[in-house]
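Architecture at a glance
Here is what each chain is made of, one letter per residue.
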Amino acid sequence: MSIQFIYPEFEVVRNENRCIACRVCERQCANEVHKYNADKKVMISDESKCVNCQRCVSLCPTRALKIVKSDCTLRENANWSNDTIKEIYKQAQSGGVLLSSMGNPKPLPVYWDKILINASQVTNPPIDPLREPMETKVFLGKRNAEIKRDEKGNLITEMSPQLELSMPVMFSAMSYGSISYNAHASLARAATQLGIYYNTGEGGLHEDFYVYGPNTIVQVASGRFGVHEDYLKAGAAVEIKMGQGAKPGIGGHLPGAKIVGDVSRTRMIPEGSDAISPAPHHDIYSIEDLRQLVFSLKEATEYKKPVIVKVAAVHNIAAIASGIARSGADIIAIDGFRGGTGAAPTRIRDNVGIPVELALACVDQRLRDEGIRNNVSLVVGGSIRSASDVVKAVALGADACYIATSALLALGCHLCRTCQSGKCNWGIATQRPDLVKRLNPDLGSERLVNLMTAWNHEIKELMGGMGINTIEALRGNRLMLRGIGLNEKELEILGISHAGE
Ligand code: SF4
Ligand code: SF4
């Protein structure tokens, strides 16, 4: 048997002059990288276990630590990278599918960074958001073609159920089980305070969080974990998850080790059993089938709640979205291939799906061409990183954006991309009680509220610069966008001109 020693990816650099052997790093590291050597009275490191989560660096009281990327590399070339070679070694050892967390890390185009926003100058002057009212409120759901009133002016048209958001951003689906109780509590409290929504994901709704129902989107995924009548009625909207950007075409898998205590009760499955959602919904093989589920959920919620259908951005997304719009759904959520996840097969994460920017542009255009754009709202997610990404998404045709990775970063995530291990040192992607309590939900929700408040200010500034004072006037306003360094086909799909035109 051959043995391939793989040099650790990260090195722990400890400044011995500064280290006071307080052992904070030892206590804080769930991966057991740091250890105290009592004989020599020094700290030692096992770098092979380090995932570069930066917990020890952040908490070291004397700034004695830093983690650096190892420069010991295999003999790579343009075809055989260090990572590719190591992956082969790993699979030759394990015989298993490679698993990864978070979104597609490949150097594929990030179209948000190739799109520039307009600003007004002489005519149609900019608006000062500090002095003029700016409206960032958004309503999601079907728009009635006409509104009728009786002779006294009372509304007689029956309005479709809608979600009201104070700004065009919501927290995307992350299940209780994949993230911790305290992470969910942070999201739920922040959504309530902000007047937006958070999403249960496919793990059901913990009994403590029913109180946040008016700001909760409850999800129905193929595994139907935790789905029952009270759950459906508790939320402000119901989301059917058909697909996910990080792993299009496959189901979900939460290992049995994480199905403990409240997670097991909330999902309504036995402790220790793997929560495996099948790749398809076994009752959906056509748009007609989807329509049946949409209307079953509407029936169960007395037609009072909008139904969202979430799909991954894939090759024929425009046709798929057109079908969903005709299924009776009120909102379509499109998730791009940079969307994060707790665990996905690496090959799927890195090679399947398309960028959400292209998906959004072609879906918006297709629905307009077919005259059904107002039948649904469009929500996009999959690595929305800033207020400018939100503004570009709205100008490309989105009604609102979903964020998840950005929200986790606000909670302290350092993107070490090892959520699948269940040993998140920041108390987010873990169910270990000693780790969960590291995330204080009061501070977590405060940080989320700060992030969204900051983004909302920036959205208003960007809109003001364009001479636009409502999100409604920005939606689908592609004249406000220009491409930079894009080819003709990319510009055509995005429906924008090149910078300078
Ligand atoms: S936390 Fe810092 S000072 Fe304390 S033992 Fe670790 S490296 Fe040394
Ligand atoms: S949630 Fe935790 S484990 Fe996952 S990437 Fe962030 S810090 Fe790492």
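In this report, we go over the structure that sits alongside the text. (Residues numbered from 1 in each chain as written. Chains lettered and ligands numbered in written order. Predicted model: local features only at pLDDT ≥ 70, side-chain atom pairs only at ≥ 80, totals over all residues. Heavy atoms only, no water.)

1. Some thoughts on unusual backbone geometry
Note the threshold: Labels follow the DSSP assignment, with helices taken as runs of H or I lasting at least four residues and strands as runs of E lasting at least two, numbered in each case from the N terminus.
Phi is positive for Glu-302, which is not a glycine, with a value near 55°. Looking at where Glu-302 falls in the secondary structure, it is placed in the loop between helix 7 (287-300) and strand 15 (307-312). One non-glycine residue, Arg-417, lies in positive phi territory at about 65°. Structurally, the position occupied by Arg-417 is in the loop between helix 12 (405-411) and helix 13 (433-436).

2. Observations concerning the side chain of His-184
We count it as follows: Burial status follows relative accessibility: with a 1.4 Å probe on protein chains alone, a residue under 20% of its type maximum counts as buried, one over 50% as exposed, and anything between as partly exposed.
With respect to the element layout, His-184 can be found in helix 4 (residues 181-194). Residue His-184 is classed as buried on the basis of its relative accessible area of 1%.

3. Topic: the site of ligand 2
Here is the rule we go by: Any residue with at least one heavy atom within 4 Å of a molecule or strand is counted as near it. Side-chain classes are defined by residue name, with Ala, Val, Leu, Ile, Met, Phe, Trp, Tyr, Cys and Pro counting as nonpolar, Asp, Glu, Lys and Arg as charged, and the others, Gly among them, as polar.
Around ligand 2 sit Met-102, Cys-413, His-414, Leu-415, Cys-416, Arg-417, Thr-418, Cys-419, Cys-424, Trp-426 and Ala-429, and that is every residue in its neighbourhood. Counted by class, the shell around ligand 2 contains 8 nonpolar, 2 polar and 1 charged residues.

4. As for helix 11 (residues 387-396)
Burial analysis of helix 11 places 9 of its 10 residues in the buried class, which makes it a mostly covered element. Residue Gly-397 follows helix 11 closely and has a positive phi angle near 130°.

5. Considering the sheet that holds strand 20 (residues 481-483)
Filter applied, for reference: If DSSP finds at least two bridges between two strands, the strands pair. Note on contacts: a residue pair qualifies if any of its non-hydrogen atoms lie within 4.5 Å across the two residues. Axis definition: a line fitted to C-alpha atoms, over the contacting stretch in the case of helices. Angles run 0 to 180 degrees between N-to-C directions.
The 3 strands lie next to each other as 6-20-21, forming an open sheet whose pairing is mixed. Only two strands of the sheet have a single neighbouring strand rather than two, namely strand 6 (115-117) and strand 21 (497-498). Of the strand pairs in this sheet, strand 20 and strand 21 are connected by 2 bridges, and their pairing is parallel. Across the sheet, the residue bridging to Gly-483 is His-498, located in strand 21. The strands touched by helix 11 within the sheet are strand 6 and strand 20, with strand 6 carrying the most contacts at an inclination of about 95°.

6. Describing the site of ligand 1
Lining the immediate surroundings of ligand 1 are 13 residues, of which Arg-14, Cys-19, Cys-22, Cys-25 and Cys-60 lie closest. By residue class, the composition of the shell around ligand 1 is 10 nonpolar, 1 polar and 2 charged.

7. Some words on the packing of aromatic side chains
The following threshold applies: The rule is short: rings of Phe, Tyr and Trp, with Trp giving its six-membered ring, pair when the centres are within 6.5 Å, and they are stacked under 30 degrees, edge-to-face over 60, tilted in between.
One pass over the structure, following the stated rule, counts 3 aromatic pairs. Relative to Tyr-181, the ring of Tyr-176 has its centre 6.4 Å away and its plane inclined at 75°; by these criteria the two rings are edge-to-face. By relative accessible area, which is 26% here, Tyr-181 ends up partly exposed. Ring centres of Tyr-181 and Phe-209 lie 4.9 Å apart, and the angle between their planes is 35°; on these two criteria the pair is classed as tilted. One end of the pair, Tyr-181, is in helix 4; the other, Phe-209, is in the loop between strand 10 (198-199) and strand 11 (216-220), and 28 residues separate them in sequence.

8. Focus: the environment of His-34
The following threshold applies: Under the rule applied, a polar contact is a pair of N or O atoms within 3.5 Å (in protein, one hydrogen donor and one hydrogen acceptor; residues adjacent in sequence only if both atoms are side-chain atoms).
If you trace the backbone, His-34 turns up in strand 2 (residues 34-37). Once the C-alpha coordinates of His-34 and Ala-92 are considered, the two residues, 58 residues apart in sequence, prove to be 29 Å apart. Beyond its immediate sequence surroundings of up to four residues, His-34 is in contact with Val-12, Arg-14, Cys-25, Glu-26, Cys-29, Met-43, Ile-44, Ser-45, Cys-56 and Leu-65. Side-chain polar atoms of His-34 contact the side chain of Arg-14, separated by 3.0 Å.

9. Observations concerning the nonpolar core
What counts, and what does not: Grouping buried Ala, Val, Leu, Ile, Met, Phe, Trp, Tyr and Cys residues that are joined through side-chain atoms within 4.5 Å yields what is termed a nonpolar core.
Judged by nonpolar contacts, the single largest core of 113 residues is most densely connected at Phe-171, Ile-334 and Ile-428. Residues in contact with Ile-334, not counting those within four places in the same chain, are Val-311, Ala-313, Ile-317, Val-356, Ala-359, Val-363, Leu-378, Val-379, Val-380 and Gly-381. With 12 residues, the next largest nonpolar core counts Phe-10, Val-33, Ala-64 and Ile-67 among its residues.

10. So, the sheet that holds strand 18 (residues 377-381)
The strand order across the open sheet formed by 8 strands is 9-19-18-16-15-12-11-10, and the pairing between neighbours is parallel. The strands lining the two open edges of the sheet, one partner per strand, are strand 9 (169-171) and strand 10. Sheet analysis places strand 15 next to strand 16 (residues 331-335), joined by 5 bridges and oriented parallel. Note that in strand 16 the partner of Val-311 across the bridge is Ile-334. Contacts from helix 14 (residues 441-466) reach strand 9 and strand 19 (400-403) within the one sheet, and its direction differs from that of strand 9 by about 160°.

11. Thoughts on the pattern of salt bridges
Put simply, the test is: Whenever a carboxyl oxygen of Asp or Glu lies within 4 Å of a side-chain nitrogen of Lys or Arg, that contact is scored as a salt bridge.
The final tally for this structure, using the stated rule, is 31 salt bridges. With a shortest N-O distance of 3.8 Å, Glu-9 and Lys-69 are connected by a salt bridge. Placement of the pair is Glu-9 in the segment before strand 1 (10-14) and Lys-69 in strand 4 (residues 65-69), with a sequence separation of 60 residues. Residue Arg-265 pairs with Asp-262 through a salt bridge whose shortest N-O separation is 2.3 Å. Of the two residues, Arg-265 and Asp-262 both sit in helix 6 (residues 261-267), 3 residues apart, roughly one turn of that helix. Take Asp-262: its relative accessible area is 28%, and that puts it in the partly exposed class. It is possible to trace a salt-bridge network through shared partners that takes in Arg-143, Asp-364, Arg-368, Arg-373, Asp-399, Glu-472, Arg-475 and Arg-478.

All quantities given are derived from atomic positions and should not be read as evidence of function.
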